[in-house]
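Geometric and topological summary
Chain by chain, the residues run as shown.
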Amino acid sequence: MQNAGLDSTSQILLPCLLNAQRRRIALKLNAGLYFLIFGFHTNAQFVDPFGDAGTGSCYLREEKGQTRRADGTSVTDCKYYYERTPMGIYLRTKSKVSFVLAALHSDSVTNDTVYNIGMALGNREISPTASASLVGGLANYYLGGFTAEGVPAHDYVDYKEIADSTDVRFYYGSTGPRMAIVMRPGADPSEVKLSFAGQDSIGIDWQGHLKLYIANKWVELNEAIAYQVDDNDEIIPVNWQPNYVVEPGNVTVGFTYETFNPAWPLIFLAGYPPMPPPVGNNVGNLGWSTYTASPYADEMTAVEVDAAGNPYTCGYFSHLFYPLNQGITVYPPGPVSLAESRCGVVMRFNKDTKMIQWGTYIGGWADGETRAHKLALYTGVQQNLKYAYVTGSTNSDDFESSARPDFAFEDAYVEDHVGGISRMWLAACRMESGVLDWATTHGQPGPDRTWSTHGLAVTISRQGQLTVAGMIDKGYNNVEPEFPLVTPNGAFSRALGDGFLISFKPDFTIDWSTALLEFSGNSRIGRINDLRSTTTDGDQYGVWAVGASVYGTSEPLDLVPPPSGGYFQSVAGGVSAVIMQIDLNNHQIVYCTRWGSPGTGASSSALAVHETDDFVYVAGFSQAFDLTATECPSPGSGTQVFYTTTNATTGDQASDGFVLRFKRLSGYQLDYGSLLGGDRDDIVLDVNSDGAGRIYLTGESRSSYGLTIAIPTDYYTQPHLTLVNRRDAFIYGIQDEEWPAIFWATAFGGTQSERGWGIAASPDEVYLCGATSTGYTQQFPLMEWNTDPNDPESLLDWFWEANPAGLAYELVPWMTFFQAMDYETFGIDVFIEGLNSWHDGYIASFNMAADVAVPEGLVPAPPSLIAAWPTADGEGYIVQLPQDGPWQLELYDARGRLVERTAAAKRIHYLPLSQTAPGMYVLRASLNGSAHTIKLARP
């Protein structure tokens with residue numbers, strides 16, 4: 001590891017990068033890669049522009065030891081840091097601020113480099129102080145032996161009196177991290193100076209912009225604006241110029257202002273216009289849609305809802321900075337991430353406000369990567385089991401296992417990362433707080449590193465029976481895995497297999513552990529992909545398990561035929577889907593069948609399973625062309641979608657998703673099966689229900705037509721975009737009835753690629769999560785939650801407008817966004833999509849409780865024609881129009897309803913929003929028949 005431009009107290013190794021637009025102060029990489037913006041603005045309606053109100057929906061987290069220097073030691077002089085920014089922004093003592101960028105490389109030859117620019121706020125040594133109000137939920141950190149629980153966050157942090165009558169506030173505005181410099185009456189603006197250090201050299205380019213060079217990169221100081229607000233709340237622009245004092249290794253910037261009134265506050269503001277709104281989609285019942293976004297690649301891989309309808313989601317992210325602040329765009333080429341930049345994350349949101357209630361971070365510090373793949377919520381009556389149970393994969397040597405005493409897990413199974421390339425992990429987070437009471441790994445015993453385990457599925461029954469399953473990955477080694485077995489008397493047991501299953505006793509010690517499926521060696525395809533607890537006849541409790549198995553290996557599949565009349569397939573031409581039911585009391589497989597092509601060699605895989613009162617639904621993908629009514633039976637003429645042959649017409653792009661339905665308690669009778677697909681590859685990745693008779697499917701589609709069908713509805717609808725080399729997420733809604741009619745079918749995404757990883761529902765709301773490589777300018781369907789304007793918590797709903805994207809490391813074979821989930825042939829001349837697709841996570845919700853009206857959307861003008869800067873308290877915007885008026889301004893809410901109409905005579909206009917509800921708005925400015933629009937956020 002090399003350190004460039006670092007002082008001894010600020011070697012903080014955290015990946016970071018962000019964006020800027022014109023008229024800003026920016027940290028800018030010379031290759032056009034990434035930018036850091038500070039928007040300098042404040043509320044100009046009163047003398048003290050800082051006020052007491054919070055700003056934005058992001059936070060500054062207290063530093064309790066969870067950050068690290070490059071040498072792994074704690075940062076002692078850092079008091080607060082910006083959470084969810086791709087660049088590390090650290091507020092330190094003695095009026096110091098550090099901006100840290102890590103250039104990481106995936107190979108072991110190229111040195112990783114940490115760049116740091118230090119900024120001093122004047123000559124006084126001031127310590128930062130935070131607001132008394134706590135926002136943003138609590139954060140829990142379990143990172144490589146370090147634990148910090150219940151760490152609070154604040155909406156702003158001040159450096160007070162950096163000069164006489166001058167304060168600096170760091171906070172988040174509605175579109176990103178901000179710094180406001182406010183000079184109250186009596187201040188001397190010539191005393192306000194910012195000093196920068198850490199650069200190799202300095203210079204001024206042909207545009208007059210100061211540049212501070214670090215290696216082959218530079219930091220650039222651009223224009224900003226200054227203004228005052230008179231006694232009538234009129235905006236008075238103030239012209240200004242920077243004054244540079246250049247010394248070796250240091251540059252100090254002061255500011256010279258033209259005529260201004262010393263009786264009014266002088267505000268220095270460097271900002272940029274908000275993002276333009278997405279266009280072209282029928283928003284329908286879309287109530288909330290946001291990026292989750294960390295500096296590099298991240299994904300939301302699963303979502304579930306509790307009895308009250310609150311969503312819980314899990315996935316992976318870049319350490320601590322997750323998700324990203326709003327207002328960020330990343331331009332390629334970009335960073336190559338290291339494995340050690342990832343941690344697993346589990347989050348709970350409030351259903352009514354879309355505020356995050358807690359976020360729990362699980363991983364390691366030293367090296368390696370941790371990802372969460374699935375979670376399950378306990379829904380029974382035993383209060384001591386009220387946890388979110390999460391499983392995933394880790395190759396972090398310092399992943400620390402633990403079992404908290406005096407709780408349900410006091411005697412639980414605990415094992416650190418003692419061997420294996422990667423290991424599955426299992427954890428339990430309290431549903432009310434996210435506190436981690438149990439974490440363990442499981443995999444190859446001893447110090448050897450020849451094979452891996454991956455936790456891909458977890459379930460817990462209402463009776464408290466916890467089960468986890470996944471994949472045994474031999475990789476490309478020649479050593480056969482020796483999966484650790486726990487075999488109760490008379491239990492099914494096998495040592496070799498591509499999948500595994502582990503069930504736990506009431507005290508969370510291991511009751512039963514066995515490999516499953518055929519053992520295919522290096523195929524890396526066989527696995528158990530999903531589990532669902534079920535109640536069989538009588539009091540025997542068990543699980544449905546689904547996955548994929550490679551036909552024809554020397555270790556055969558453990559097939560168990562059903563009673564007469566049930567579905568059963570014993571042979572397959574290649575990789576087959578596998579569906580089994582397992583009795584956990586007697587430790588036996590009671591039913592196991594293949595599903596898929598009976599003889600063509602085409603692959604099939606079951607990826608999701610869900611049980612309702614009457615049926616069991618299984619979903620996945622198939623490349624088979626020879627399916628018959630046996631594999632895909634029709635339940636009757638009332639079914640709207642029923643295919644037994646693929647719609648694919650494009651070479652190797654021949655995969656379709658599928659959905660199967662078994663009747664419960666009827667001898668495993670398959671009563672409905674259908675392919676779901678269009679002209680190219682499609683795959684179903686999750687299936688769930690709302691408890692009110694509706695089934696939901698999600699996945700990804702590379703088809704340009706043929707997957708979704710036109711259904712008259714007030715629900716969100718979006719056609720597939722006929723673009724090559726990209727894919728859409730999709731939603732299917734099916735009635736859980738004798739004839740499974742489809743009531744909702746839509747694509748979801750923008751002009752780049754999306755995946756629908758997980759879907760969950762309550763009777764009145766559906767949640768979708770996944771990964772996307774679409775930016776805000778590429779029509780990703782964003783929507784900020786719009787709640788009761790009298791609800792103070794609505795200020796902090798979770799919303800991020802920007803997707804910085806990044807590349808992911810393939811920790812689990814065939815389970816990464818950029819990989820071909822359908823196992824397509826890699827020998828084709830033109831890849832459908834590059835293997836290294838940049839991506840970030842997203843989560844969206846849809847209102848299912850009532851019909852909604854669909855307004856006609858507004859078409860935005862180019863953002864350069866109209867600009868707006870939010871004030872520091874979020875109560876209004878400074879609007880810059882193309883010219884002096886008279887303008888007519890109309891403000892529309894997210895549903896297209898006219899909220900306010902006013903007039904503006906001047907080019908610079910103050911638009912108050914204090915009487916409007918929190919949410920997203922479109923401002924339409926009209927003059928002489930010409931109209932321009934821009935999107936505004938009301939925190």
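Note that the structure is predicted; figures quoted are calculated from it, not measured.

Quick look at a negative patch on the surface now. Together, Asp-406, Glu-410, Asp-411 and Asp-507 make up a region of like negative charge exposed at the surface. Within the fold, Asp-406 resides in the loop between β32 (402–403) and β33 (423–430).

Quick look at the packing of aromatic side chains now. Throughout the structure, instances matching the rule amount to 35 aromatic pairs. Three or more aromatic residues joined by ring pairs form one cluster here, namely Tyr-291, Tyr-696, Tyr-715, Tyr-716, Phe-743, Trp-744, Phe-748, Phe-780, Tyr-842 and Phe-846. Over the ring of Tyr-156 we find Arg-169; its NZ or CZ atom is 3.3 Å from the centre of that ring. The ring of Tyr-316 is capped by Arg-371, whose NZ or CZ atom sits 4.0 Å from the centre of that ring.

Here we come to the sheet that holds β33. As a general point, the strands of a sheet are linked pairwise by backbone hydrogen bonds and lie either parallel or antiparallel. Strand order across the open sheet formed by 5 strands is β30-β31-β33-β34-β32, with antiparallel pairing between neighbours. Bordering the open sheet on either side are β30 (370–377) and β32, each of which pairs with just one other strand. Two elements, β32 and strand β34 (residues 436–442), share 2 bridges in a ladder whose sense is antiparallel. Residue pairing in the sheet places Ser-402 in a bridge with Ala-439 of β34.

This paragraph deals with the sheet that holds strand β54 (residues 867–870). If you walk across this open sheet you meet the 3 strands as β54-β55-β58, and the pairing is antiparallel. The open sheet is flanked by β54 and β58 (908–912), the only strands paired with a single partner. When strand polarity is set aside, the average angle formed by the axes of neighbouring strands in this sheet is 25°. The pairing of β54 with strand β55 (residues 876–880) spans 4 bridges and is classified as antiparallel.

On to the environment of Tyr-551. Note that Tyr-551 resides in the loop between β40 (541–550) and β41 (575–583). Given the relative accessible area of 35%, Tyr-551 is considered partly exposed. Separated by 25 residues in the primary sequence, Tyr-551 and Gly-526 place their C-alpha atoms 9.7 Å from one another.

Before going further, it helps to examine the nonpolar core. Generally speaking, a soluble globular protein has its nonpolar side chains buried in company with each other. Membership of the largest hydrophobic core comes to 55 residues, with the highest contact counts inside it found for Tyr-141, Tyr-696, Trp-744, Phe-748, Phe-846 and Met-848. Every residue in contact with Phe-846, bar those within four places of it in the chain, is listed here: Asn-285, Leu-286, Gly-287, Tyr-716, Ile-731, Trp-744, Phe-748, Asp-764, Glu-765, Val-766 and Leu-768. Membership of the second largest hydrophobic core comes to 33 residues, among which are Ile-89, Ile-126, Leu-194 and Phe-268.

So, on to the pattern of salt bridges. In this structure the tally under the stated criterion is 27 salt bridges. Here Lys-354 makes a salt bridge to Glu-765, at a shortest N to O gap of 3.0 Å. One end of the pair, Lys-354, is in the loop between β28 (342–349) and β29 (356–363); the other, Glu-765, is in strand β52 (residues 765–772), with 411 residues separating them in the sequence. Each member of the pair, Lys-354 as well as Glu-765, carries the same accessibility label: buried. Linking Arg-494 and Glu-555 is a salt bridge whose minimum nitrogen-to-oxygen distance equals 4.0 Å. Taken together, the positions of Arg-494 in the loop between β36 (466–473) and β37 (499–504) and Glu-555 in the loop between β40 and β41 put the pair 61 residues apart, joining distant regions of the chain. Overall, Glu-555 belongs to the partly exposed group, its relative accessible area being 28%.

This part takes up the pairing of strand β47 (residues 682–689). Within β47, 8 of the 8 residues are buried, leaving the element largely enclosed by the surrounding structure. Where β47 folds back onto strand β48 (residues 694–701) in an antiparallel hairpin, the turn is made up of 4 residues, including Gly-691, whose phi is positive at roughly 75°.

Turning our eyes to something else, we now look at unusual backbone geometry. The linkage connecting Gly-885 with the following residue, Pro-886, adopts the cis geometry, with an omega of 15°. Here Pro-886 shows up in the loop between β55 and β56 (887–893). In this model, Lys-94 sits at a positive phi of 60°, which is unusual for a non-glycine residue. The class of Lys-94 is partly exposed, set by a relative accessible area of 47%. Phi is positive for His-587, close to 60°, though the residue is something other than glycine. Counting through the fold element by element, His-587 comes out in the loop between β41 and β42 (588–595).

Assignment of secondary structure puts Ser-703 in the loop between β48 and β49 (728–735). Within the structure, the side chain of Ser-703 is placed 3.2 Å from the backbone nitrogen of Asp-679, a separation counted as a polar contact. When near neighbours in sequence (up to four residues on either side) are disregarded, Ser-703 contacts Gly-678, Asp-679, Arg-680, Asp-681, Asp-682 and His-720.

Moving on, we come to the pairing of strand β13 (residues 156–163). With 6 of 8 residues buried, β13 lies mostly within the body of the structure. Here strand β9 (residues 129–130) runs beside β13; their pairing, made up of 2 bridges, is antiparallel. Within β13, the position partnered with Ala-130 by the bridge is Val-157.

Our focus in this paragraph is the environment of His-909. Along the polypeptide, His-909 turns up in strand β58. With 29 residues separating them along the chain, His-909 and Gln-880 place their C-alpha atoms 6.5 Å apart.

Quick look at the environment of Asp-164 now. With respect to the helices, strands and loops of the structure, Asp-164 is situated in the loop between β13 and β14 (166–173). Expressed as a C-alpha distance, the spacing of Asp-164 and Asp-188, which sit 24 residues apart in the sequence, is 7.3 Å. What Asp-164 contacts, discounting residues up to four positions off in sequence, is Arg-124, Ala-187, Asp-188 and Glu-191. Engagement of the side chain of Asp-164 in a polar contact is seen with the side chain of Arg-124, the distance being 2.6 Å.

What counts, and at which threshold
Sequence order as written defines the numbering, with residues in each chain counted from 1. Since the coordinates come from a predicted model, pLDDT governs what is reported: local features require at least 70, and pairs of side-chain atoms require 80 or more to be given and counted, while whole-chain, interface and lining totals use all residues. Only hydrogens and water are removed before side-chain values are computed, so all heavy atoms of the structure are retained for them. Any residue with relative accessible area above 30% and no salt bridge may belong to a patch, with like charges joined within 9 Å and the nonpolar Val, Leu, Ile, Met, Phe, Trp and Tyr side chains within 5 Å. Per-residue accessibility takes into account occlusion by the displayed protein chains alone, with areas from the Shrake-Rupley method and a 1.4 Å probe. The term salt bridge refers to a side-chain nitrogen of Lys or Arg lying within 4 Å of a carboxyl oxygen of Asp or Glu. Only four residue types enter the tally: Lys and Arg on the positive side, Asp and Glu on the negative side, with His and both chain ends excluded. Charge placement uses NZ in Lys and CZ in Arg. For Asp and Glu, CG and CD serve respectively. Starting at the N terminus, helices and strands are each numbered in turn, a helix being any DSSP run of H or I of at least four residues and a strand any DSSP run of E of at least two. Each aromatic pair joins two rings of Phe, Tyr and Trp (for Trp, the six-membered one) with centres within 6.5 Å, and gets the label stacked for planes under 30 degrees apart, edge-to-face for over 60, and tilted for any other angle. Geometrically, a charge over a ring is one whose NZ (Lys) or CZ (Arg) sits within 6 Å of the ring centre while staying within 35 degrees of the ring normal. Between any two strands, at least two bridges found by DSSP are needed for them to pair. Here an axis means a line fitted to C-alpha atoms, over the contact stretch when the element is a helix, while the angle between two N-to-C directions is reported on a 0 to 180 degree scale. For the exposure calls, accessible area comes from a 1.4 Å probe over protein chains only, and a residue counts as buried if that area is under 20% of its type's maximum, exposed if over 50%, partly exposed in between. Here the nonpolar core consists of buried residues drawn from Ala, Val, Leu, Ile, Met, Phe, Trp, Tyr and Cys, with membership extended through side-chain atoms lying within 4.5 Å. Only heavy atoms matter for contacts: two residues are in contact if any of them lie within 4.5 Å across the pair. Here a polar contact is recorded for every N or O atom pair within 3.5 Å, except that within protein the pair must consist of a potential hydrogen donor and a potential acceptor, and residues adjacent in sequence are included only if both atoms are side-chain atoms.

These results come straight from atomic positions and should not be treated as a statement about function.
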